[in-house]
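Below are the chains, spelled out letter by letter.
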Amino acid sequence: MKTVNNFSISIHTVLRELIDAKSKRDNIKFTSYQLASALAMPRSIITKLLHADISKRVSNPKIETLIKIIDFFREDGFNVNIDDLLNLKSKSVDVQSQLITSNDKIFSVVLYSFANMKNKIGTIEVAVSNTTKNLIALQASEDIEPFFKRGSIFIIDSEIKPTNETLIAIQLDNMEKIHIRKYVKIKNKIFLKSLANEDDIILPSATTCKILGVIIQINART
Amino acid sequence: MDSIFNKIDSFLCRYFGLDKIEFIPHSVSRKGKQIFILNSESYKRHIHQTPFQEVNLKAINEENKKKLGMAIGKSIANNLIISFDEIIIKKEKKP
């Protein structure tokens, strides 16, 4: 298990895509060395931004370096900006266009505590999609930063496999306590991001991280 | 003087049936650790921004509440719905 910086993943991914896109567009292989010489900067800087091993990547590049990279690709005709490189764009979701489905069904679900899954609190009845299979419910014994208050109930489907950008419940290092993480898949690599701090990322390994299931609904306590 | 105007205002509002304030959520956006709801209010023309935790859910009708939960879920993660329904826990009887 290792904690890495979110920016290094974003910069690596976007920069790699830009280099590949330039090679494809120009029909000539464009390398990181060529990029470094075009920017008049040492090769090692670009190599550290693009290193395949996440632990060897530079996590706090100079703003000047990033601006030079963006300027180079913009002048070359690519529509990219610093927000793309740092993944800073905010996502807006329209409320009125949401479609309310009528295929919800009432399920009786066993409720456990976040602190310990051996601790059965009781049962609850929840309306969820009728395609769900094996449900469990977890009640937050403390605030789940930054959005959910103590007492909020998380409905988990243990049979759904996590896909990119889904919320999952996990247990770490064989401990009973349950954590909420966002499952992010970038180029076949899996990262588990914290909800409170996007820079706090876990690289999961089978021995230290047990995925309990995908969170499909949260009954938020307000 | 203010209290007299307030009384006249509430009397006229009741008379014309304008006493129900309703929030209509328009969009949800996430900025860092905060989720903001852009909503409009009855009898007010402007749209204002409220943090998710501070929204008065009692002033939102059931349909909009469901839609709001779906939009907040989408702004947090894929395939996630936020529900504001009250849940009753049936506790186990100890032997």
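Residues numbered from 1 in each chain as written. Chains lettered and ligands numbered in written order. Predicted model: local features only at pLDDT ≥ 70, side-chain atom pairs only at ≥ 80, totals over all residues.

Looking now at the environment of Pro 51 of chain B. Residues and elements named next belong to chain B. With respect to the secondary-structure elements, Pro 51 resides in strand 3 (residues 47-51). Classification of Pro 51 by C-beta neighbours within 10 Å gives exposed; the count is 11. With 13 residues separating them along the chain, Pro 51 and Leu 38 place their C-alpha atoms 8.9 Å apart. (Helix = DSSP H or I, 4+ residues; strand = E, 2+ residues; numbered from the N terminus. Buried ≥ 20, exposed ≤ 12 C-beta atoms within 10 Å, placed from the backbone.)

Taken together, the contacts link 34 residues of chain B with 33 residues of chain A. Contributions of two or more residues to the side of chain B that touches chain A are made by strand 1 (23-31), helix 2 (62-76), strand 4 (81-83) and strand 5 (90-91) of chain B. Of the residues forming the side of chain B that touches chain A, the biggest block, nine residues, is contributed by helix 2 of chain B. Residues that form the side of chain B that touches chain A fall into these classes: 16 nonpolar, seven polar and 11 charged. Here strand 4 (residues 120-129) of chain A runs beside strand 5 of chain B; their pairing, made up of two bridges, is antiparallel. Paired with Thr 123 of chain A across the bridge in strand 5 of chain B is Lys 90 of chain B. (Contact = placed C-beta atoms within 7 Å. Nonpolar A, V, L, I, M, F, W, Y, C, P; charged D, E, K, R; others polar. Pairing = 2+ DSSP bridges.)

One finds Phe 154, Ile 155, Ala 169 and Ile 215 of chain A together with Ile 72 and Leu 80 of chain B to be the most contacted residues of the largest nonpolar core, which totals 47 residues. One finds Leu 15, Leu 18, Leu 49 and Leu 85 of chain A within the second-largest nonpolar core, a separate group that totals 10 residues. (Core = buried A, V, L, I, M, F, W, Y, C linked by C-beta atoms within 7 Å.)

Residue and element names in this part refer to chain A. Summarising the sheet, strand 3 (residues 104-113) and strand 4 pair through nine bridges and their orientation is antiparallel. If you follow Phe 107 over to strand 4, its bridge partner there is Val 126. Two successive antiparallel strands, strand 3 and strand 4, enclose a turn made up of six residues.

This part is about helix 1 (residues 2-16) of chain B. Here helix 1 of chain B is 15 residues long and its end C-alpha atoms lie 21 Å apart, about the 21 Å a rise of 1.5 Å per residue gives. The element helix 1 of chain B is barely covered by neighbouring structure, given that only zero of its 15 residues are classed as buried. (Expected span 1.5 Å × (residues − 1).)

This brings us to unusual backbone geometry. All names here are of chain A. The amide bond that connects Glu 145 to the next residue, Pro 146, takes the cis arrangement and shows omega of 5°. Turning to its location among the elements, Pro 146 is positioned in the loop between strand 5 (135-139) and strand 6 (153-157). Not every positive phi belongs to a glycine, and Asn 27 is a case in point at roughly 60°. Relative to the assigned elements, Asn 27 resides in the loop between helix 1 (6-26) and helix 2 (32-38). You can call Asn 27 exposed: it has 6 C-beta atoms within 10 Å. Backbone geometry places Ala 40, a non-glycine residue, at a positive phi of 55°. Along the chain, the position of Ala 40 falls in the loop between helix 2 and helix 3 (43-50). Of the residues examined, Ala 40 has 7 C-beta atoms within 10 Å and is grouped as exposed.

Bringing the confidence of the model for chain B into the picture now. Residue and element names in this part refer to chain B. Per-residue confidence for chain B averages 81 on the pLDDT scale, and 84% of its residues sit at or above 70. Within chain B, the lowest mean pLDDT, 75, falls on strand 3, and the highest, 92, falls on strand 4. Scoring the predicted complex yields pTM 0.68 and, for the interface, ipTM 0.76. (pLDDT = per-residue confidence, 0-100.)

Let us now look at the environment of Ile 144 of chain A. Residues and elements named next belong to chain A. For Ile 144, the position within the fold is in the loop between strand 5 and strand 6. Ile 144 sits in the partly exposed class, given 19 other C-beta atoms within 10 Å. Note: C-alpha distance between Ile 144 and Leu 195 (51 residues apart in sequence) is 8.5 Å. Sequence-distant contacts of Ile 144, defined by excluding residues within four places in its chain, comprise Ser 152, Ile 180 and Leu 195.

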